[in-house]
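Observations on chain architecture
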Amino acid sequence: MRLTVIGCGYVGLVTGACLAAAGHEVFCTDIDSKRIDQLKVGKVPIYEEHLEEVLNHAVAEKKISYTSDPGEAIRAGEVIFICVGTPPKNSGEADLSAIDHVARQIAQEAQASKIVVEKSTVPALTGKQLQKALAAYSRGGDMKFHVASNPEFLREGTAVGDFFHPDRIVVGVEDEVSAKKLREIYAPILQKKFSCPIHAGKCPDAPSELLITTINSAELIKHASNSFLALKISYANVIADLCERIGADVEEVTHAMGLDPRIGTQFLKAGLGFGGFCFPKDIQAFIHLSSSMGIDFEMLKAAETVNKQRIDRYFEKIHKALWVVKGKRVAVLGLAFKANTDDIRFAPALEVIRRLLAEGAEVHASDPEAISRTKAFFPNITYHEDPYEALKGADAALVCTEWKSFRELDWERAGKFMARRLVIDGRNLYSPQTMQKLDFDYHCFGRPQH
Ligand code: UGA
């Protein structure tokens, strides 16, 4: 099928690339013409595992093309996926101006009926507004726009794998035509008829389910899911604080809790808390939406507060262990908001660095992927591709992102050239016993110090 993707960010590029790999003909466009120029010469503007490979393959097969002319892209596809940003306003409410802009473009540029699918994360009831905008700006005639909601549940870093092997595909529709078309679009994914870049013919057997719901439900499913995961993380973080007071081990507690399938082991990892461009903004948008409907979502507000306090807790540990920060050389390991991505939006590490600098520390940072993005925020700190270089002469190592390469660091080696054997681990990556054996003063979240 001929499909249009508007917005070539994380969601749009992964969606476009994977739908092309599933056999569709995909036309991508973005308001940022530089981004389109980059894509045309094979440069992928974001780091996402397997994405470059899938895109290159789709280009070679002539299944994907890029244009900075939105009209051309809109006319090319029979189904249009809107994948533009919905950043937070100061009030926490989602800024839907990009969706509104695209709706007007679609209505004005389309020359035939289209199915318009919202894939951007939007608050409930956006579909209704989208439908109104499309009708209001349309050139009339026999043209009809069907609106559908198809929220994405992709995690950055594993987005390509998540797209090809989803737990569920949610499709919110109000008409049969859209339901049929979206089933057709996702049929190759459900039937595992695509060349998987990850498993080389040995894809997991787990079946994926496609759920047809109303548009309102689909929109709500997205916010309700992200907010629940954020709640889980904040819950684990409060348990970690309690463990510290009581002398229990949060890893033992959450592991045992998670073995109950009603709870599950995932998203119970205590530490610096959640960042990224999804949870912090989605939770705010959901609180805002609920309040506009007369529902005070106190529970979510508490989860947000707990998350903001993680950095305060971290600094309590830093002050206790390092004492005076001013004039100290501090190695910050990890800048991205989580491992396997170069995304630093709302990354806890950025707030950690901001506070370290405010207290007069000399910051040496390392990250496998996020250094160049961070330079724009902090041009005056020192960056090292090699984490061992960052650790040279350091009075303390602060671990802010759970990269595998950091998990596997040789601390015996690092200890030999650090000024002081002090590790303050914001992601609970190491065993306190092992670190103690290596003669490190080791601090982490919710686990007894040995
Ligand atoms: C999240 C959701 O997991 C996706 O399903 C959703 O599609 C996406 O938002 C979105 O709305 O676009 P993502 O933001 O990529 O995905 O990252 P997650 O893997 O969910 O992690 C979010 C944050 O929580 C990270 O900062 C991570 O370090 C933190 N986290 C995660 C914890 O602190 N503890 C945990 O146990 C798990």
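Fair warning: this is a prediction, and the values are worked out from it, not measured in the lab. (Residues numbered from 1 in each chain as written. Predicted model: local features only at pLDDT ≥ 70, side-chain atom pairs only at ≥ 80, totals over all residues. Heavy atoms only, no water.)

Some words on the environment of G258
Basically, it comes down to this: Where helices and strands are cited, they refer to DSSP runs of H or I of at least four residues and of E of at least two residues respectively, numbered from the N terminus. By definition in these notes, contact holds between two residues if any of their heavy atoms fall within 4.5 Å.
In this fold, G258 is placed in helix α10 (residues 250–258). Along the backbone, G258 and F277 are 19 residues apart, and their C-alpha atoms lie at a distance of 26 Å. When residues no more than four places from it in sequence are discounted, the contact partners of G258 are I263, G264, T265 and L268.

Structural notes on the environment of S91
The condition that has to hold: Whenever a nitrogen or oxygen atom comes within 3.5 Å of another N or O atom, the pair is scored as a polar contact, on the condition that within protein one atom can donate a hydrogen and the other can accept it, and that pairs from neighbouring residues in sequence are kept only if both atoms are in side chains.
Along the chain, the position of S91 falls in the loop between β4 (79–82) and α5 (97–109). Between the alpha carbons of S91 and R407 there is a distance of 38 Å; along the sequence they are 316 residues apart. A polar atom in the side chain of S91 sits 3.3 Å from the backbone nitrogen of E93.

Some thoughts on empty space enclosed by the protein
Convention followed: For cavity detection a 1 Å grid was placed over the protein atoms alone, and a set of points counts as a cavity when a 1.4 Å probe fits there but cannot get out; an open set counts as a pocket when protein lies on both sides within 12 Å along at least five of seven lines, with lining residues being those that have an atom within 4 Å of a point. Grid points are joined across faces, edges and corners, and a volume is the space filled by probe spheres set on the points. Gly counts as polar in this scheme, as do all residues outside two lists: the nonpolar Ala, Val, Leu, Ile, Met, Phe, Trp, Tyr, Cys and Pro, and the charged Asp, Glu, Lys and Arg.
Tallied over the full model, the rule gives two cavities of 30 Å³ or more. Looking at the largest cavity, its volume works out to about 50 Å³. Lining the largest cavity, in full, are E118, K119, S120, T121, V122, S149, P151, A218, E219 and K222. Per-element tally for the lining of the largest cavity: the top contributor is helix α9 (residues 215–246), with three residues. A breakdown of the residues in the lining of the largest cavity according to their chemical character gives three nonpolar, three polar and four charged. Surrounding the second largest cavity, T86, P87, P88, G92, A94, T121, H223, K281, D282 and A285 form its lining. When its residues are assigned to classes, the lining of the second largest cavity shows four nonpolar, four polar and two charged.

Re the packing of aromatic side chains
Note the following rule: By convention, a stacked pair of Phe, Tyr or Trp rings (six-membered ring in the case of Trp) has centres within 6.5 Å and planes under 30 degrees apart, an edge-to-face pair has planes over 60 apart, and any other such pair is tilted. Each residue is assigned to one of three classes by its accessible area relative to the maximum for its type, calculated with a 1.4 Å probe on protein chains only: buried under 20%, partly exposed between the two thresholds, exposed over 50%.
Enumeration over the complete set of coordinates arrives at 12 aromatic pairs. Geometrically, the ring pair formed by F164 and F194 is stacked, given 4.4 Å between the ring centres and 15° between the ring planes. Here F164, found in helix α7 (residues 159–164), pairs with F194, found in the loop between α8 (176–190) and β8 (209–213); they are 30 residues apart in sequence, far enough to count as distant. Judged by relative accessible area, which is 0%, F164 ranks as buried. Its relative accessible area of 12% is what places F194 among the buried residues. Look at F286 and F297: their rings are 5.5 Å apart centre to centre, the planes differ by 50°, and that puts the pair in the tilted class. Of the two residues, F286 sits in helix α11 (residues 279–292) while F297 sits in the loop between α11 and α12 (298–322), which places them 11 residues apart along the sequence.

Focus: the sheet that holds strand β2 (residues 25–29)
What counts is decided by this rule: Only when DSSP finds a minimum of two bridges between them are two strands counted as paired. Under this scheme, a helix contributes an axis fitted over its contacting stretch, all axes are lines through C-alpha atoms, and angles between N-to-C directions fall in the 0 to 180 degree range.
Spatially, the eight strands line up as an open sheet ordered β3-β2-β1-β4-β5-β6-β7-β8, and their pairing is mixed. Because the sheet does not close on itself, it has two edges, and the strands there are β3 (64–67) and β8. For this sheet, the mean angle separating the axes of adjacent strands, direction not counted, is 25°. Two elements, strand β6 (residues 145–149) and strand β7 (residues 168–173), share two bridges in a ladder whose sense is antiparallel. Of the residues in β7, the one forming a bridge with A148 is V173. Strand contacts of helix α2 (residues 33–40): β2 and β3, with the helix running at about 145° to β3, the strand carrying the most contacts.

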